[in-house]
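# Notes for the structure review
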Amino acid sequence: MPAMPEIKALTLPERVDPSKTAVIVVDVQNDFCHSDSPLTKVGMDTTAAQEMVPNLLQLIDAARAAGTTIIWVKMVHTEYTMSPVSVEHRKRTRPNAQLICLEGSWGAEFYRVEPEAGEPVIIKHRYSGFVDTDLELILRSRGIKSVILTGVATNVCVESTARDAYMRDYFVTFVDDCSAAYDQAKHDATLINMADHFGVVTTANELIDAWQRVPASVR
């Protein structure tokens, strides 16, 4: 068996090379972020999701300027994609909460963010953006080797997508201040787990600085 070539730890600029990197924005939607979300009516606090959006917008602007691919992921619930498992879980854990992110609803729309023309929008029906979607096909088709994870909720859909990216051999970078959960302890726990087992945890400013150090000729 041939020996594996020596592989060194990557610097952040190497890790997020715009030509090989995609920013994945997960579930930044009204029903996950807005104060009028049904989730707030059952006691979930969307404040952290709202407060991280300015950082996310700044990161998205910098990613576009650097020539980094941006992929948007939306949760959409439909009658024909709900399973007995998902329905039972919702009724057991949030029996008084109505179903969110219904197809065609206000709740499924993006919250204070907007894809530009040419930026793919992935519709998912499970926590992970990779399950039964075109996400991996798009990444492969664009020659993407590294993914930057942002969005809501840190410990559920963003983490699930990050884990699946790592399992598919993408370099994972998880952005602390461009992701949010409904409980700070759960957000922090995910960051620890990400750094220990799945990738690198960084901030919007660190990523923007890394992109600004990329020569304009290769953007």
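Residues numbered from 1 in each chain as written. Predicted model: local features only at pLDDT ≥ 70, side-chain atom pairs only at ≥ 80, totals over all residues. Heavy atoms only, no water.

## What about the confidence of the model for the protein chain?
- With 97% of its residues at a pLDDT of 70 or more, the protein chain shows a mean pLDDT of 94.
- At the low end of the mean pLDDT range in the protein chain sits helix H4 (residues 84-93), at 84; at the high end sits strand S1 (residues 21-26), at 99. (pLDDT = per-residue confidence, 0-100. Helix = DSSP H or I, 4+ residues; strand = E, 2+ residues; numbered from the N terminus.)

## Comments concerning the packing of helix H6 (residues 154-167) against helix H7 (residues 184-198)
- Close contact between H6 and H7 brings their axes to 10 Å; oriented N to C, the two are set at 5°. In this view, H6 runs roughly parallel relative to H7, as classed from their interaxial angle. Contacts between H6 and H7 pair Thr154, Asn155, Glu159, Ala162, Arg163, Tyr166 and Met167 from the former with Lys186, His187, Thr190, Asn193, Met194, His197 and Phe198 from the latter. (Axes fitted to C-alpha atoms, helices over the stretch in contact; angles between N-to-C directions. Parallel < 35°, antiparallel > 145°, perpendicular 65-115°, else oblique. Contact = heavy atoms within 4.5 Å.)

## Focus on unusual backbone geometry
- Each neighbour pair has its own omega, and for valine 152 with alanine 153 the value is -15°, a cis peptide bond.
- Structurally, alanine 153 is set in the loop between strand S4 (146-152) and H6.
- Of note in the backbone geometry, cysteine 101 takes a positive phi value of approximately 55° without being a glycine.
- Mapped onto the fold, cysteine 101 is located in the loop between H4 and strand S3 (121-124).
- When its relative accessible area of 0% is taken as the criterion, cysteine 101 is described as buried.
- With a phi angle near 55°, aspartate 132 is a residue other than glycine that sits in the positive phi range. (Buried < 20%, exposed > 50% of the residue type's maximum accessible area, 1.4 Å probe, protein only.)

## Observations concerning the pairing of S3
- In S3, alternate side chains face the same way, and those of Ile122 and Lys124 are buried while those of Val121 and Ile123 on the opposite face are not.
- Both strand S2 (residues 69-75) and S3 contribute to a ladder of four bridges, which runs parallel. Paired with methionine 75 across the two strands is lysine 124, which belongs to S3. (Pairing = 2+ DSSP bridges.)

## Some points on the sheet that holds S2
- In space, the six strands of this open sheet follow the order S3-S2-S1-S4-S5-S6, with parallel pairing throughout. The sheet is open, and its two edges are formed by S3 and strand S6 (200-202), each paired on a single side. When the angles between neighbouring strand axes are averaged without regard to direction, this sheet yields 25°.
- Sitting on the sheet, H7 touches strand S5 (171-180) and S6, and the angle it makes with S5 is about 165°.
- Relative to the sheet, helix H8 (residues 204-212) contacts S1, S4, S5 and S6, its axis offset from that of S5 by approximately 130°.

## Structural notes on the nonpolar core
- In this structure, Val28, Leu139, Val147, Leu149 and Trp211 are the most contacted members of the largest nonpolar core, which totals 59 residues.
- The biggest single contributor to this core is helix H3 (residues 47-66), with nine residues. (Core = buried A, V, L, I, M, F, W, Y, C linked by side-chain atoms within 4.5 Å.)

## Description of the side chain of asparagine 30
- Of note, asparagine 30 is situated in helix H2 (residues 30-33).
- At 2.8 Å, the side chain of asparagine 30 forms a polar contact with the backbone oxygen of tryptophan 106.
- With residues near it in sequence (within four places) discarded, asparagine 30 still touches Ser37, Trp106, Gly107, Glu109, Phe110 and Tyr111. (Polar contact = N/O pair within 3.5 Å; in protein donor to acceptor, adjacent residues only side chain to side chain.)

## Comments concerning the packing of aromatic side chains
- Taken as a whole and assessed by the stated rule, the structure comprises three aromatic pairs.
- Ring centres 5.4 Å apart and planes at 70° place the aromatic pair tryptophan 72 and phenylalanine 110 in the edge-to-face group. Taken together, the residues tryptophan 72 in strand S2 and phenylalanine 110 in the loop between H4 and S3 connect sequence positions 38 residues apart.
- The positively charged end of lysine 74 is found above the aromatic ring belonging to phenylalanine 110, 4.9 Å away from the centroid. (Phe/Tyr/Trp six-rings, centres within 6.5 Å; stacked < 30°, edge-to-face > 60°. Lys NZ or Arg CZ within 6 Å of the ring centre and 35° of its normal.)

## Observations concerning the pairing of S2
- Among the seven residues in S2, seven count as buried, and that is most of the element.
- Side chains Thr69, Ile71, Val73 and Met75 of S2 all project onto a buried face; the interleaved residues Ile70, Trp72 and Lys74 project onto the opposite face, where all are buried too.
- Two elements, S1 and S2, share five bridges in a ladder whose sense is parallel. The partner of valine 26 across the bridge, within S2, is valine 73.

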